Each structure stands twice: as C-alpha cells, then as structure tokens.
2 protein chains.
Amino acid sequence: MATKIHHLGIAVKDLDAMVTFYQQQLGLEMVQTVAWEELGLKAAVLKVGEVLVELIEPVAPKGSVAESLERLVKAQDGGVHHLALEVDDLAGTVERLRTAGVPLLDQEPRQAAGGQIAWLQEEAASGTLIELCQAGYRIM
Amino acid sequence: MATKIHHLGIAVKDLDAMVTFYQQQLGLEMVQTVAWEELGLKAAVLKVGEVLVELIEPVAPKGSVAESLERLVKAQDGGVHHLALEVDDLAGTVERLRTAGVPLLDQEPRQAAGGQIAWLQEEAASGTLIELCQAGYRIM
C-alpha cells in the first residue's frame with residue numbers, strides 16, 4: 001500500500017525557465033538534473049516537503065511515455081503527467097492489482113536505473129497516469 | 001515560499017468508484033467528503049503521507065474552475081487538475097509573484113471556507129494549474 005507520494009512528473013515546454021520559476025518564485029529545492037537520452041527527454045528533480053517534483057522536457061521523445069509528455073506540451077504547454085506513489089512491497093502490490101483486474105502497463109515490476117517501478121494504465125484511475133515505486137527508488 | 005504539497009486536485013468521472021480504488025487498491029486513507037453545491041462539484045479528500053488527494057467529480061459544474069474539471073473528464077475521463085502548494089506567508093508570496101509579473105488568477109489572497117488561497121494562471125507554470133494555500137488551510 002502507498003506510504004507517500006514519491007514524485008510528480010510534470011511536462012514542461014522550457015525546462016530551464018521552469019526550473020528557475022519553481023526554484024525562485026515557489027521556493028522548491030533543486031536536487032539534480034537528469035538526461036534520458038534514449039527516451040529523448042531531459043529533466044530536473046526538485047523537492048518540496050517529502051515529495052519530489054520531476055520537471056520533464058521532451059526534446060526528441062521516443063516511446064509511448066515520452067510521446068505522451070510531448071502531446072501534453074503540444075496541447076497546453078505541459079501539465080502534470082503522472083503521479084508516482086511509493087510502496088513498501090512493489091512486487092506484492094503489482095500482483096494484488098493484477099489479480100483484482102486493475103489495468104496495468106507493467107504486469108511485473110520493471111527494473112529502472114534507480115530501482116523498481118511499475119506503471120498502471122491511465123484508465124485504472126479515471127485518466128490519471130500512476131507509477132508505483134519501490135521504497136528507496138531514486139530518480140536517475 | 002512553498003513548504004510542502006498541500007494537496008493534488010484530481011478530476012474523476014465516478015467519485016464513488018475512485019474513492020474505492022484509491023482506498024482499497026492503493027491504500028490511501030479517507031479523510032472526508034465534500035459537496036460544493038454552488039460549484040456543482042462533489043469531492044472526497046484522502047491522505048497519503050503528508051499530502052491530501054482531492055478527488056473531484058463535476059456533477060453540474062458552474063464557474064471556470066469547475067468547467068475546467070469537466071473538460072478534463074470529457075477529454076480523458078479525468079486526470080490531475082491542479083497542484084496546491086502550502087506557503088507560510090500567502091499574502092507576501094502573492095505580492096512578490098505579482099511584482100515579478102507572474103500571471104495570477106487572484107491578485108490577492110481569496111478567503112475560502114477553509115482558509116486563504118490564491119490561484120496562479122496555468123501559463124505561469126507552463127500549463128500546470130497551481131493553487132497556493134496559507135499554512136493551516138483545510139479543504140471543506
């Protein structure tokens with residue numbers, strides 16, 4: 001079961017401008033920058049309270065997740081793209097959701113660079129794209 | 001400056017079904033239900049970690065915020081509608097943002113039932129709708 005919001009993934013049109021805005025105008029703390037070259041994305045991770053905010057600019061998006069970020073930027077200059085929840089037992093959670101018939105993009109936990117994650121389909125949560133992260137997951 | 005995410009406002013098509021999903025499948029804790037009859041909205045507030053999750057169903061939306069929730073439901077069954085940040089000094093924050101030329105929906109803090117809030121325009125944050133809440137704000 002989810003213990004906290006791990007991060008929000010937010011699509012932006014101009015990463016540098018939005019890093020400045022979130023830092024200087026809203027007071028979020030810069031954590032790191034990330035370049036996912038294989039996905040054609042660049043990102044910055046900031047922090048507010050216990051939650052990370054991942055600002056993502058699609059530069060030359062490849063793959064379904066990257067392309068959905070680009071659609072959001074083209075439609076309205078960006079917006080909240082996904083909600084990532086941290087769970088203590090990702091494998092058990094995914095198995096329980098699968099058994100309950102919840103529509104999943106990942107039928108099993110997926111190994112990402114910073115730890116294990118699993119994506120639900122948007123229709124599972126009425127249009128909200130949800131990512132589950134094993135506790136200890138680091139965005140990198 | 002923002003100290004934490006106060007809440008996420010999430011548009012949903014079927015509030016009862018999504019309350020069940022977020023509680024039973026994801027483990028969020030139910031806090032309260034809310035009916036904003038004058039806006040034609042019904043909502044439920046859940047909690048995960050330090051953040052509230054406000055699930056909102058537009059029943060008969062009236063006004064620009066309520067209508068933007070309905071557009072999200074019609075377009076894709078819902079999704080994250082706004083990001084609410086808690087600040088210690090709302091009046092000072094709004095004044096600083098206004099002076100910096102950040103596009104605001106509220107030029108001054110607005111008194112809501114549960115405390116003081118102010119909305120930024122979506123274009124301020126590249127398509128993400130941001131609400132600022134004075135510390136101590138309660139959704140009601």
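Quick caveat: nothing in here was measured; it's all calculated off a predicted structure.

## Examining the relation of the copies chain B and chain A
Part 1 of the argument: Mapping chain B onto chain A calls for a rotation angle of 180° and an axial translation of 0.0 Å; the resulting RMSD is 0.0 Å. Here the transformation between the copies is reduced to the relation of a two-fold axis. Measuring from the rotation axis to each C-alpha of chain B, the shortest distance belongs to V80(B), at 3.1 Å.

## Thoughts on the nonpolar core
Part 1 of the argument: Of all hydrophobic cores here, the largest spans 66 residues; its most connected members are F21(A), Y22(A), L55(A), F21(B), Y22(B) and L55(B).
Part 2 of the argument: Among residues more than four places away in sequence, those in contact with L55(B) are I10(B), V12(B), L15(B), M18(B), V19(B), Y22(B), K42(B), A43(B), A44(B) and L46(B).

## Regarding the pattern of salt bridges
Pairs can form between side chains of opposite charge once their charged atoms are near each other.
Residue and element names in this part refer to chain A.
Part 1 of the argument: With the rule as written, the count across this model stands at 6 salt bridges over all chains.
Part 2 of the argument: Of the charged contacts in the structure, one is a salt bridge between K13 and D77, with a shortest N-O distance of 3.5 Å. Here the residue K13 occupies a position in the loop between β1 (2-12) and α1 (15-25), and D77 occupies one in the loop between α2 (64-76) and β5 (78-87), the gap between them amounting to 64 residues.
Part 3 of the argument: Judged by relative accessible area, K13 falls into the exposed class, the value being 52%.

## Considering the confidence of the model for chain A
Part 1 of the argument: On average, residues of chain A score 97 in pLDDT, and 100% of them reach the 70 mark or higher.
Part 2 of the argument: ipTM for the predicted complex: 0.96, alongside a pTM of 0.97.

## Notes on the side chain of S126(A)
Part 1 of the argument: With respect to the helices and strands, the residue S126(A) is situated in the loop between β7 (115-119) and β8 (130-134).
Part 2 of the argument: Of the polar contacts made by the side chain of S126(A), one reaches the backbone nitrogen of K13(B); its length is 3.1 Å.
Part 3 of the argument: The residues contacting S126(A), other than those within four sequence positions of it, are A11(B), V12(B), K13(B), M18(B), Q76(B), D77(B), G78(B) and G79(B).

## What about helix α2 (residues 64-76) of chain B?
Part 1 of the argument: Between its first and last C-alpha, α2(B) extends 18 Å over 13 residues, near the 18 Å set by a 1.5 Å rise per residue.
Part 2 of the argument: Once α2(B) ends, the next one or two residues include D77(B), with phi positive near 70°.

## Thoughts on the pairing of strand β5 (residues 78-87) of chain B
Residue and element names in this part refer to chain B.
Part 1 of the argument: When you tally the buried positions in β5, you get 10 out of 10 residues, the bulk of the element.
Part 2 of the argument: The pairing of strand β1 (residues 2-12) with β5 spans 9 bridges and is classified as antiparallel. Counterpart to G9 in the pairing with β5 is H82.
Part 3 of the argument: Where β5 meets strand β8 (residues 130-134), 5 bridges bridge the pair, whose relative direction is parallel. Looking at β8, one finds that A84 is bridged to E131.

## Considering the sheet that holds strand β4 (residues 51-58) of chain A
All names here are of chain A.
Part 1 of the argument: Spatial strand order, β2-β3-β4-β1-β5-β8-β7-β6: 8 strands in an open sheet with mixed pairing. Edge positions in the open sheet fall to β2 (29-36) and β6 (110-112), since each of these has one partner strand only. Going from strand to strand, the sheet's axes swing by 30° on average, the running direction of each strand aside.
Part 2 of the argument: Pairing geometry for β1 and β4, over 5 bridges, is parallel. Bridged to H7 within β4 is L52.

## Describing the interface of chain B and chain A
Part 1 of the argument: In this complex, chain B contributes 42 residues to the contact, which on the side of chain A involves 42 residues.
Part 2 of the argument: Where chain B abuts chain A, roughly 3100 Å² becomes buried across the two surfaces, and 65% of that area is made up of carbon and sulfur atoms.
Part 3 of the argument: Area buried by chain B at its contact with chain A is led by Q25(B), L26(B) and S126(B), which between them contribute 19% of it.
Part 4 of the argument: Remark: the boundary between chain B and chain A carries 13 residue pairs in polar contact (both at pLDDT 80 or more).
Part 5 of the argument: Put simply, the parts of the chain that give the side of chain B that touches chain A at least two residues each are β1, α1 (15-25), β5, α3 (90-99) and β8 of chain B.
Part 6 of the argument: No other element matches β1(B), which puts 8 residues into the side of chain B that touches chain A.
Part 7 of the argument: Classifying every residue of the side of chain B that touches chain A gives 25 nonpolar, 12 polar and 5 charged.

Criteria and thresholds
Residues numbered from 1 in each chain as written. Chains lettered and ligands numbered in written order. Predicted model: local features only at pLDDT ≥ 70, side-chain atom pairs only at ≥ 80, totals over all residues. Heavy atoms only, no water. Least-squares fit on C-alpha atoms with pLDDT ≥ 70 in both. Core = buried A, V, L, I, M, F, W, Y, C linked by side-chain atoms within 4.5 Å. Buried < 20%, exposed > 50% of the residue type's maximum accessible area, 1.4 Å probe, protein only. Contact = heavy atoms within 4.5 Å. Salt bridge = Lys/Arg side-chain N within 4 Å of Asp/Glu carboxyl O. Helix = DSSP H or I, 4+ residues; strand = E, 2+ residues; numbered from the N terminus. pLDDT = per-residue confidence, 0-100. Polar contact = N/O pair within 3.5 Å; in protein donor to acceptor, adjacent residues only side chain to side chain. Expected span 1.5 Å × (residues − 1). Pairing = 2+ DSSP bridges. Axes fitted to C-alpha atoms, helices over the stretch in contact; angles between N-to-C directions. Buried area = accessible area lost by both parts, 1.4 Å probe. Nonpolar A, V, L, I, M, F, W, Y, C, P; charged D, E, K, R; others polar.

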